[in-house]
Amino acid sequence: MSREIFGNIAGLKPSILRSLEKLYRRKVPPQSIITPELAQELAYLSYQINRQVGLLINRKGDIDFVVVGSYNRIEIPELHGYRDHQARLKGLRFIHTHLVKKNQSSGLDQDDLIDLAFLRLDLIGAQEVYEDGRVGRIHIAHILPSQEFYSASLDDEVKRLFYFFKPVYPWDLRENFQELIRNLEEEFERVSGAQALHEKEDRAILIFVREPGDIDWENKLAELKELARTAGVKVVGEVVQRRAQIDPRYVIGKGKLLEVLIECLRKRANLLIFDRELTPSQVRALNEATDLRVIDRTQLILDIFAQRAKSREGKIQVEIAQLRYALPRLRAKDDAFSRLTGGIGGRGPGETKLEVDRHRIRDRIAKLKQELESISEERALRRKRRKKLNFKVVALIGYTNAGKTTLLNRLSHSNYLAEDKLFATLDPVTKAVRTPSGKVFLLTDTVGFIRDLPEELKKAFKATLEELYSADLLLHIVDASSPDLENQVKSVEAILDEMELRHIPRIVAFNKIDLIEDLDPFQQATVKSLLEELDGVPISALTGFNLELLLKRIEENLFGPEAFFSPSFEVGQAIAPQDYRAS
Ligand SMILES: Nc1nc2c(ncn2[C@@H]2O[C@H](COP(=O)(O)OP(=O)(O)OP(=O)(O)O)[C@@H](O)[C@H]2O)c(=O)[nH]1
Ligand SMILES: [Mg+2]
């Protein structure tokens, strides 16, 4: 360990510095929080320099850091390498002085509790030092692993998070530190339930900011949970904060973040997922403050897309989106470097490297775009060929998980992956479908929509969605059983507007109608009125209910009231795109 004195040491006499350095030679017996002698030494030094002095002590009882603060504040230096990869206690405790007026008491303050929670310290202690240098009481707190840890009454908010020892003089401190830590860790282990899972999976806490007037927040939260589940993340907790204004630094307030961090410890969470897009600087601030991985909704969706993309085209699109997302975040780091290297107009070593990284990313994006373009051309060619054959094309659109692929499978007797997860389909598939009266059309499956689709993805998936522009008919599938039905319909309509696809004729099919009886009466009424309003067709892709009617509607729409064209085509034969590529 280094013998450096951290913090506010400006203007200290060499003799004092030497005394401070000597603190590194002290050792605390493993079962004590601090010895009375060391507490007294700390107090005396603090009194001499009129500044707070603190020690970070490890579990073996060694002093790892000696820190000096100002009269009323002390800042813990950055702690690297203290088993912080997992949400567990750091194995360090912080004992520091509080300078107080005679006969006054000064307990732990807000800053102390923030340090305790943010840095996941074993415990924190504030040793009172009076104006004459004498030692007062020591105030000690630790994080509560659970409400049941002590059977004390926990009526007050703070007391649900922390346990405060009764302040005593250091020579009356009897607590067995080793035993305490063992009990604490056992209880953390127990409440997290983590030991049962030999887990590689991420354990996440969802953070949702509920803005006033947002009546739809529960559906949004449920969707965020679904997204996390789809991404393969285990959600171990959720925190909803009502807030009119977003905290510019941490999104949620510092006090709430403190709660979140304790929740992370209790649930062994290593990941925070925010419901909204975070700015690069917010991600950085949260990372630095919490030592946890922090991702936002956009990144979550990007991750899902990355996991699911199968075709070359899909993969390229996702990579472009990821790189686009990364670019400004890289720039943010760059700013930090510029600040470090000063404003001399020169570029520091870090900046040069980042410059290179940025170039590399831009080059990569350009290259991927080129590749995408050539795939796009192939696609256009295929479309032309289809047009020549005079096939009508129907494109399935709709909110993710509405049942588009299930319907395609049903109508074309195929077996593409349909599952109860978001974004099961990323690659468009086109199949031939024969109507009962013998006419054939092509049915294209597409990527599902979602509200607030990240900009990067919108741009990246333009090529895939291009299929829609050449469609003769859009078949909008809605999930009639979703409590979020109305908003999902609205979101899809909004995306159609944005993509300027309104001019293409559209049929709305209300899928999963087999589940309608399970819905509450209010929801059933919503379905009914929407059905009327949109002139929809109630169907079940799963049971096959009403699919003939749907096909009839499609037929009328594509071919007019009477049939005139019926090419011979084997139903179920794959038309594009994988199959083309394979041949
Ligand atoms: N009960 C019921 N479930 C259905 C019906 N249609 C689809 N599902 C289920 O809904 C889930 C989603 O179906 P998918 O066909 O994958 O939905 P999708 O619209 O293709 O979804 P993405 O590709 O993820 O956008 C699956 O678990 C299906 O079994 C239906 O009519 N009734
Ligand atoms: Mg699908």
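Sequence positions are assigned chain by chain, starting from 1 and proceeding in written order. Labels follow written order: the first chain is A, the first ligand is 1, and so on. In view of the model being predicted, local features appear only for residues whose pLDDT reaches at least 70, and side-chain atom pairs are presented and counted only at 80 or more, with totals across whole chains, interfaces and linings using the full set of residues. Water and hydrogen atoms play no part in the side-chain values, which are based on all heavy atoms of the structure.

## Brief notes about the side chain of Asn-58
Here is step 1 of the chain: Only DSSP runs of H or I covering at least 4 residues are called helices, and only runs of E covering at least 2 are called strands; the numbering of each starts at the N terminus. The topology assignment puts Asn-58 in strand β2 (residues 53-58).
Here is step 2 of the chain: Should any heavy atoms of two residues lie within 4.5 Å, those residues are considered in contact. Excluding its chain neighbours within four sequence positions, the residues that come into contact with Asn-58 are Asp-64, Gly-91, Leu-92 and Arg-93.

## Describing the sheet that holds β2
Here is step 1 of the chain: One requirement defines pairing of two strands: DSSP has to find at least two bridges between them. Strand order in this open sheet of seven strands is β1-β3-β2-β4-β5-β6-β7, and the pairing throughout is mixed. With partners counted over all chains shown, the strands left at the sheet margins are β1 (5-7) and β7 (162-164), one partner each. On average, each strand axis in the sheet is inclined to that of its neighbour by 25 degrees, with strand direction left out of account.
Here is step 2 of the chain: Alignment of β1 against strand β3 (residues 63-68), held across three bridges, turns out to be parallel. Its bridge partner being in β3, Phe-6 is matched across the sheet by Val-67. Here an angle of 0 to 180 degrees is reported between the N-to-C directions of two axes, which are lines fitted to C-alpha atoms, with helices fitted over the stretch in contact.

## Focus on the sheet that holds strand β10 (residues 271-274)
Here is step 1 of the chain: Taken in spatial order, the four strands make up an open sheet running β9-β8-β10-β11, and their pairing is parallel. Bordering the open sheet on either side are β9 (234-242) and β11 (293-296), each of which pairs with just one other strand. The mean angle between the axes of side-by-side strands here comes to 25 degrees, regardless of whether they run parallel or antiparallel.
Here is step 2 of the chain: Both β10 and β11 contribute to a ladder of four bridges, which runs parallel. Each residue of the ladder has a partner; that of Leu-272, found in β11, is Val-294.
Here is step 3 of the chain: Sheet contacts for helix α6 (residues 217-230): β8 (203-210), β9 and β10; angle to β8, the most-contacted strand, approximately 160 degrees.
Here is step 4 of the chain: In the packing of helix α9 (residues 297-308) onto the sheet, the strands contacted are β10 and β11, and the crossing angle to β11 comes to about 85 degrees.

## Notes on α9
Here is step 1 of the chain: Helix span, expected: 1.5 Å multiplied by one less than the number of residues in the helix. Given a rise of 1.5 Å per residue, 12 residues ought to cover 16 Å, and the 17 Å separating the end C-alpha atoms of α9 matches this to within 8%.
Here is step 2 of the chain: The rule is simple: take the accessible area with a 1.4 Å probe, protein chains only, and divide by the maximum for that residue type; under 20% is buried, over 50% is exposed, in between is partly exposed. For α9, the complete set of buried residues consists of Arg-297, Thr-298, Leu-300, Ile-301, Leu-302, Ile-304, Phe-305 and Arg-308.

## Focus: the pattern of salt bridges
Here is step 1 of the chain: We count a salt bridge whenever a side-chain nitrogen from Lys or Arg sits within 4 Å of a carboxyl oxygen from Asp or Glu. This model, assessed by the stated rule, comprises 30 salt bridges.
Here is step 2 of the chain: Notably, a salt bridge pairs Glu-319 with Arg-364, separated by 2.7 Å at the nearest N-O pair. Within this pair, whereas Glu-319 is found in helix α10 (residues 312-341), its partner Arg-364 is found in helix α11 (residues 349-389), the two being separated by 45 residues in sequence.
Here is step 3 of the chain: The exposure class assigned to Glu-319 is partly exposed, which follows from its relative accessible area of 25%.
Here is step 4 of the chain: The exposure class of Arg-364 is partly exposed, given its relative accessible area of 32%.
Here is step 5 of the chain: Salt bridges linked by common partners bring Asp-216, Glu-223, Arg-297, Arg-451 and Asp-484 together as one network.

## With respect to the confidence of the model for the protein chain
Here is step 1 of the chain: Looking at any residue, its pLDDT shows the predictor's confidence there, from 0 to 100. Per-residue confidence for the protein chain gives a mean pLDDT of 85, with 88% of residues at or over 70.
Here is step 2 of the chain: Here residues 332-350 is modelled with pLDDT under 50, and outside its nearest four sequence neighbours on either side it reaches 17 contacts, counting other chains as well.
Here is step 3 of the chain: Confidence over residues 563-583 falls short of pLDDT 50; this stretch has 49 contacts with residues more than four positions distant or in other chains.

## Looking at α6
Here is step 1 of the chain: Helix length check: α6, at 14 residues, gives a terminal C-alpha distance of 20 Å against a target of 20 Å (1.5 Å per residue), a fit within 8%.
Here is step 2 of the chain: The set of residues buried in α6 consists of Trp-217, Asn-219, Leu-221, Glu-223, Leu-224, Leu-227, Ala-228 and Thr-230.
Here is step 3 of the chain: Positioned one or two residues after α6, Gly-232 has a phi angle of 85 degrees, which is positive.

## Focus on the environment of Arg-25
Here is step 1 of the chain: Summarising the element assignment, Arg-25 is placed in the loop between α1 (14-22) and α2 (36-49).
Here is step 2 of the chain: C-alpha separation for the pair Arg-25 and Ile-63, spaced 38 residues apart in sequence, amounts to 7.6 Å.

## Regarding the site of ligand 1
Here is step 1 of the chain: The immediate surroundings of ligand 1 are formed by 23 residues, with Lys-404, Thr-405, Thr-406, Ala-424 and Asp-514 found nearest.
Here is step 2 of the chain: What qualifies as a polar contact is a pair of N or O atoms within 3.5 Å, subject to a donor-acceptor requirement within protein and to the restriction that residues adjacent in sequence count only when both atoms come from side chains. Backbone polar atom of Glu-419 to an oxygen atom of ligand 1: 3.1 Å apart, as the coordinates give it.
Here is step 3 of the chain: Method for areas: the Shrake-Rupley scheme with a 1.4 Å probe, in which residue coverage is limited to the protein chains shown. Expressed as a share of its isolated accessible area of 650 Å², the protein-covered part of ligand 1 is 91%.
Here is step 4 of the chain: Of the residues forming the shell around ligand 1, the biggest block, three residues, is contributed by helix α12 (residues 404-412).
Here is step 5 of the chain: Only Asp, Glu, Lys and Arg are considered charged in this grouping, and only Ala, Val, Leu, Ile, Met, Phe, Trp, Tyr, Cys and Pro are considered nonpolar; every other residue, Gly among them, is considered polar. Broken down by class, the residue content of the shell around ligand 1 amounts to eight nonpolar, nine polar and six charged. Near, as used in this document, describes a residue that has one of its heavy atoms within 4 Å of the molecule or strand being considered.

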